[in-house]
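In case you want the letters, here they are:
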Amino acid sequence: MLRAQIASHLAISRQMRCHPDQIIVTGGYRQGLLLALTALRAHGRKAWIEEPGYPLGRRGLELIGAALEPVAVDAEGLRVEDGIARAPDAMLALVTPGQHAPLGVTLSRARRHALLDWAASSDAWIIEDDYLGELQLDGRAAPALASGAGAERVVHIGSFSKTLSPALGLGFVVAPRSLAERLVEVAAVLAPAPNRTTQLAVTEFLSNGHFLRHLRQMKALYIERRNLALMHVSRLLPGTLTAGLGLIAPLQQPADDMAVVRIARAHGLAPSALSAWHLRRAHAQRGLLLSVTNLHRDNINTACATLARIVASH
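A. Expanded view of the overall build of the protein. Counting its regular elements, the protein contains ten helices and twelve strands. Relative to a compact globule of 314 residues, whose C-alpha radius of gyration would be 20 Å, the protein shows 20 Å and is just as compact. Based on the C-alpha atoms only, the size of the protein along its principal axes is roughly 55 × 50 × 35 Å. Taken over 314 residues, the protein has a buried fraction of 53%. Long-range contacts, defined here as pairs at least 24 residues apart, represent 70% of the contacts in the protein between residues at least 6 apart. Element-wise, carbon and sulfur atoms account for 54% of the exposed surface of the protein, whose accessible area totals about 14600 Å². Counting 33 positive and 25 negative side-chain charges, the protein places the averaged centre of each group 5 Å from the other.

B. Expanded view of unusual backbone geometry. With an omega of 5 degrees, the peptide bond running from E51 to P52 counts as cis. By the element assignment, P52 lies in the loop between β2 (46-51) and α3 (55-64). In this structure, the amide linkage connecting A101 to the following residue, P102, adopts the cis form with an omega of 15 degrees. Inspection of the secondary structure assignment puts P102 in the loop between β5 (92-95) and α5 (109-122). Positive phi, close to 55 degrees, is recorded for Q15, a residue that is not glycine. Checked against the element boundaries, Q15 lands in the loop between α1 (2-13) and β1 (23-26). Judged by relative accessible area, Q15 falls into the partly exposed class, the value being 38%.

C. Molecular detail of the sheet that holds strand β12 (residues 287-291). Here four strands make up an open sheet; going across it, the order is β9-β10-β12-β11 and the pairing antiparallel. On the outer flanks of this sheet lie β9 (241-243) and β11 (272-273), each paired with one strand and no other. Two elements, β11 and β12, share two bridges in a ladder whose sense is antiparallel. Residue pairing across strands places S272 opposite L289, the latter belonging to β12.

D. Up close: the packing of helix α9 (residues 257-266) against helix α10 (residues 300-312). Between α9 and α10, the least distance of the axes is 10 Å, while the angle of their chain directions is 140 degrees. Relative to α10, α9 is oriented oblique. Seen from above, α9 lies across α10 with right-handed handedness. Residues V260, I263 and A264 of α9 touch α10, and the partners they reach there are L307, I310 and V311. Broken down by class, the residue content of the contact of α9 with α10 amounts to six nonpolar, no polar and no charged.

E. Representation of α5 in the model. For α5, which comprises 14 residues, the first-to-last C-alpha distance of 20 Å matches the rise-based estimate of 20 Å (1.5 Å per residue) to within 8%. The complete set of buried residues in α5 reads R111, R112, L115, L116, W118 and A119. The arc that holds the buried residues of α5, viewed along the axis, is 155 degrees, so those residues lie on one side. Across α5 from its buried face, at more than 90 degrees, point the exposed residues R109, A110, D117, A120 and S121. Within two residues after α5, D123 carries a phi angle of roughly 55 degrees, on the positive side.

F. Quick peek at helix α7 (residues 196-207). Here α7 spans 16 Å end to end across twelve residues, near enough to the 16 Å set by a 1.5 Å rise per residue. Here the buried face of α7 lies against α1, β1 and α8 (210-236). The N-cap residue of α7 is N195: its side-chain oxygen and the backbone nitrogen of T197 are 3.2 Å apart. Of the residues flanking the end of α7, it is G209, one or two places downstream, whose phi is positive at about 80 degrees.

G. Quick peek at the nonpolar core. Judged by nonpolar contacts, the single largest core of 73 residues is most densely connected at W48, L78, L115 and L288. Sort the elements by how many residues they give to this core and α8 lands first, with seven residues. The contacts of L288, once residues within four sequence positions are left out, are L247, I248, A249, L251, D257, V260, V261, S272, L307 and V311. In this structure, A36, A39, L40 and I49 belong to the second largest nonpolar core, which totals 29 residues.

H. Molecular detail of the pattern of salt bridges. In this structure the tally under the stated criterion is 13 salt bridges. Between D89 and K46 there is a salt bridge whose closest N-O contact spans 3.4 Å. Separated by 43 residues along the polypeptide, D89 in the loop between α4 (80-86) and β5 and K46 in strand β2 bring together distant segments of the chain. Residue K46 is classed as partly exposed on the basis of its relative accessible area, which comes to 30%.

I. Structural detail: the layout of surface pockets. When its volume is computed, the largest pocket comes out at roughly 1200 Å³. Together, 48 residues line the largest pocket, and Y54, Y131, L132, S161 and K162 are the ones closest to its centre. Of the residues belonging to the lining of the largest pocket, the class tally is 24 nonpolar, 19 polar and five charged. Roughly 440 Å³ of internal volume is contained in the second largest pocket. In this structure, the second largest pocket is lined by 18 residues; those nearest its centre are L269, A270, S291, L295 and A303. Looking at the lining of the second largest pocket, the elements with two or more residues in it are α8, β12 and α10. Class assignment for the residues of the lining of the second largest pocket results in 13 nonpolar, five polar and no charged.

About the thresholds
- Residues numbered from 1 in each chain as written.
- Predicted model: local features only at pLDDT ≥ 70, side-chain atom pairs only at ≥ 80, totals over all residues.
- Heavy atoms only, no water.
- Helix = DSSP H or I, 4+ residues; strand = E, 2+ residues; numbered from the N terminus.
- Rg over C-alpha atoms; globule rule 2.2 N^0.38 Å.
- Buried < 20%, exposed > 50% of the residue type's maximum accessible area, 1.4 Å probe, protein only.
- Contact = heavy atoms within 4.5 Å.
- Areas by Shrake-Rupley, 256 points an atom, 1.4 Å probe, with all protein chains shown as cover.
- Lys, Arg positive; Asp, Glu negative; His and termini not counted.
- Charge placed at Lys NZ, Arg CZ, Asp CG, Glu CD.
- Pairing = 2+ DSSP bridges.
- Axes fitted to C-alpha atoms, helices over the stretch in contact; angles between N-to-C directions.
- Parallel < 35°, antiparallel > 145°, perpendicular 65-115°, else oblique.
- Left-handed = near helix turned anticlockwise from the far one by under 90°.
- Nonpolar A, V, L, I, M, F, W, Y, C, P; charged D, E, K, R; others polar.
- Expected span 1.5 Å × (residues − 1).
- Arc of directions from axis to C-beta.
- Polar contact = N/O pair within 3.5 Å; in protein donor to acceptor, adjacent residues only side chain to side chain.
- Core = buried A, V, L, I, M, F, W, Y, C linked by side-chain atoms within 4.5 Å.
- Salt bridge = Lys/Arg side-chain N within 4 Å of Asp/Glu carboxyl O.
- 1 Å grid on protein atoms, 1.4 Å probe; cavity = no way out; pocket = protein on both sides within 12 Å on 5 of 7 lines; lining within 4 Å.
- Points joined across faces, edges and corners; volume = space filled by probe spheres on them.

Structure follows, in C-alpha cells:
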C-alpha cells in the first residue's frame, strides 16, 4: 500500500520512524494543511508564522481564523526566542525547517532543539511543511523535525508536487500518535483520499526504487541549472544568492519589486516578489525570487538582459 511505501521512504530520506497507520494520504499540501489546522482546532488561537514565509500557508491560517504572529527568520532559520518573546502562549508554529520558503536556509540544530522544547513545555504543536525537504541541493537533507525526540508534538506535511508533478494532486500527513485518530476522522469526513489509480501508480513507482533514482537525477539537473543561472544573473544583478531551487536577487530602495514582477510577466518572464512573502510589507526586503527548475540554455541570456533592463528602469 502507498502508506507503507511512504513510511519506508521517509525512514530513508527524512530519518523518520513512523507506522503506516500514522500516515494520511491527501490531495496535496493544501489539503494536508487544512486537515492539520482542523484537527488542531486552530480557530481563534495564536500561531507563529515565519517572516518572510510561504504566502499559501499564511493565507490558510488566516482563513481558518488563527491569530498570526510573524517571527523573523535569519541565517539559522526561525528566531525561536523572538517567537517566545512575542507570543509565548501560541498554540502552534507553521515552519519550513528543511529548506525555508523562500530563503532556502535550514533550521540550525540549536534552533531545532529550542523549537521542540518550546512546543513540549507549552503544550503547543508544530506543523512542519516539508517544503523542498528532499530536494536539498547542497549536501544531504537535514532530518525532519518529526524524527527523533520531540516528534510527538510535530505534524509533518509532505507532497509529491515538487518531486514528481503537481498534476498528481498527491501528498500526505504524518500524524503524531496522540493526534492520529482525530486526523484520520477529519480526513474521512471532510477530505477523502485521492483516486486509487494514482495511489497505485505512485506505490509501484516507490516500491521499484524509481523515486529515489528520479530524485538523484533531478538534483543533478537542478544543480547544473542553478549554477548556470547564478553565473548569468549575478553579472547583471549583483548580490544575487542561491535559495533552494532558485535565486534571490535583492533590489535597492526605492525599487518596487511588485511593479518589477508585473512588467516582467508582461514580457514573458515569471519572477516572484520577495516582499509578497512578508506579512509586514512596510518592513519587507525587496527582491526577486527566480526559479531555476525550468531554465533553458538557449534563452537565459535574453531573459537575463530583459530582466536587468526592467530592474534598471525602477
